[in-house]
Amino acid sequence: MEITYTQAREKLNKCGQEHVLRYYDELDDAGKTELLEQVAGTDFSVLDSLKQKDKGVQKGKITPLGAMELAEIEKSREHFCEIGMQAIREGKVGAVLLAGGMGTRLGSDDPKGVYNIGITKEIYIFERLIINLLEVVRCTDTWIPLFVMTSDKNHDATVRFLTAHDFFGYKAEYVHFFQQEMAPAAGYDGKIYMESKSRMSTSPNGNGGWYVSMKNTGVLDIVKKHGIEWLNVFAVDNVLQRIADPVFIGAVIEKQCTVGAKVVRKNAPDEKVGVMCLEDGRPSIVEYYELTEELMNAKNEKGEPAYNFGVILNYLFKESALHEMLKKKLPLHVVEKKIPYMDEAGNLVKPEEPNGYKFENLVLDMIHEMDSCLPFEVVRNREFAPIKNKTGVDSVESARALLRENGVDL
Ligand code: UTP
């Protein structure tokens, strides 16, 4: 997109970000073009959400939504499995790996998926996920298209790594990369940080942008071409993730829901996971920080906690139900994070503590746009080993212990 200096200045003036052009006169022609193009392609309206950041995202009336629990799943396991396997064999299922995040809590500069969790040998996060998906490929004798979302920050490194490892045995023609959009990142004063004299600091726009980015990058055409009807979206950082699980797929199809969500029983009422619920009668997720004391202690008719099933970022979306999403704007979350920036002396600083805001759409907000949702319980210790931190809760350490518990040799 072409834009002149004057147009860029006008666009920036309107949102109080004229400092972005502070070094413009010092730049060479390539630097000038880079900056003007970035200004032209940036949606600065995300900064408006700073005005409402303290209000958070407003929720409607929350009521419980029951899950399909383990005992019920067990009773129909074979039946669901058959339905799910058939859908896979008919080519109706695709998998979407959300790997565009920066993994700042883990503290590595590399994409999270290239993290080596092995001890006596190399075992990469990407490798663990692909091994799990390959199990389904083998038992259905069908390659499942795998769409990998990356971002500007980690795309090249991700593609290079997976290519160099021959996709850990996955057939390359079934792997499709696409990049998500970026959003500017601002300091606590609301001013966008500069990463260099010719570049604003940006960060991936959250995991909720995946479907829009599939459309914008053209990979949605592959979905259409192959007649894929179901998309299993999952996070990169759960190394026990079951992907394209036929039982889960079968249950969602059988119950005629437009989305399914894998859930685990919470291990404490105040555990930091989002829980399934109905919001104004539609499926939704309340984040742990939105869960009031009253909701935390509420009981269902069986006398059990009414909001007891936490989401693990593994959803099965009916693709046709997502078309409407393209017209909608999901809520924008203002998240405090560590943002690398250029200081007054022109050096790139990588802060140790959060120093500003990023703007993110979240996949969990997509659930509220769906008509019906099946929360599907899975055994926590078998399917949930997230790696967010180096040590402690949801860490490399805890995930290793869970992998061992599941017989994985490290
Ligand atoms: P998180 O919010 O836990 O991951 O994302 P993060 O942003 O990578 O990590 P921190 O908070 O900086 O430590 C959960 C999943 O969503 C993906 C991540 O890659 C992970 O699979 N994600 C997150 C994206 O694909 N894009 C994003 O913009 C953000």
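In this text the structure is predicted, and so the values were computed from the model without any measurement.

K.L.:
An account of the sheet that holds strand β15 (residues 333–337) is needed here, citing residue identities and associated values.
P.N.:
Judged by pairing direction, the sheet is antiparallel, and its 3 strands sit side by side in the order β6-β18-β15 without closing on themselves. Of all the strands in the sheet, the pair left with one neighbour each is β6 (186–187) and β15.

K.L.:
Residue-level account of the site of the ligand, with values.
P.N.:
If you check the shell around the ligand, you find 19 residues, and the closest are L98, T104, Q180, K337 and K388. Between the ligand and M102 there is a distance of 3.2 Å, counted from an oxygen atom to a backbone nitrogen or oxygen. G206 is positioned with one of its backbone polar atoms (N or O) 2.8 Å from an oxygen atom of the ligand. Considered on its own, the ligand offers 560 Å² of accessible surface; in the complex 93% of this is hidden by protein.

K.L.:
Explain the nonpolar core residue by residue, including any values.
P.N.:
Ranked by size, the top nonpolar core spans 60 residues in total, and within it L97, I117, F126, I144, Y170 and F376 carry the most contacts. In terms of residue count, the dominant contributor to this core is helix α4 (residues 125–140) (8 residues). In contact with Y170, not counting residues within four places along its chain, are I130, L133, L134, V137, W143, I144, L146 and V175. By size, the runner-up hydrophobic cluster in this structure holds 37 residues, among which are L65, V96, V363 and I367.

K.L.:
Summarise the packing of helix α3 (residues 70–89) against α4; cite the residues concerned and give the values.
P.N.:
Two numbers describe how α3 lies on α4: the axes approach to 10 Å, and their chain directions differ by 90°. Compared by their axis directions, α3 and α4 come out roughly perpendicular. Across the interface between the two elements, M85, I88 and R89 from α3 touch V136, C139 and T140 from α4. Looking at the contact of α3 with α4, its residues break down into 4 nonpolar, 1 polar and 1 charged.

Rules used throughout
- Residue positions are given per chain, counting from 1 as you read along its sequence in written order.
- With pLDDT at 70 or above as the cut-off, local features in this predicted model cover only qualifying residues; side-chain atom pairs require 80 or more to be listed or tallied, and sums for whole chains, interfaces and linings still use all residues.
- To obtain the side-chain values, all non-hydrogen atoms of the structure were used and water was disregarded.
- Here a strand pair is declared whenever DSSP counts at least two bridges between the two strands.
- Secondary structure elements are defined from DSSP: runs of H or I of at least 4 residues count as helices, runs of E of at least 2 residues count as strands, and each element is numbered from the N terminus.
- Throughout, the term near means that a residue has one or more heavy atoms lying within 4 Å of the molecule or strand in question.
- Side-chain atoms alone can form a polar contact between residues adjacent in sequence; in general such a contact is a pair of N or O atoms within 3.5 Å, and within protein one must be able to donate a hydrogen while the other accepts it.
- Here the accessible surface of atoms and residues is derived via Shrake-Rupley with a 1.4 Å probe, and residues count as covered only by protein chains that are part of the display.
- Buried Ala, Val, Leu, Ile, Met, Phe, Trp, Tyr and Cys residues that are joined via side-chain atoms within 4.5 Å together make up what is termed a nonpolar core.
- Burial here depends on accessible area, computed with a 1.4 Å probe over protein chains only, as a share of the maximum for the residue type. Under 20% is buried, over 50% is exposed, and the range in between is partly exposed.
- Contacts were defined at the residue level, with two residues in contact if any of their heavy atoms lie within 4.5 Å.
- A fitted line through C-alpha atoms represents every axis, and for helices the fit uses only the stretch in contact; the resulting angles, taken between N-to-C directions, go from 0 to 180 degrees.
- An angle counts as roughly parallel when it lies under 35 degrees, as roughly antiparallel when it exceeds 145, as roughly perpendicular when it falls between 65 and 115, and as oblique in every other case.
- Ten residues, namely Ala, Val, Leu, Ile, Met, Phe, Trp, Tyr, Cys and Pro, are considered nonpolar, four, namely Asp, Glu, Lys and Arg, are considered charged, and the remaining ones, Gly among them, are considered polar.

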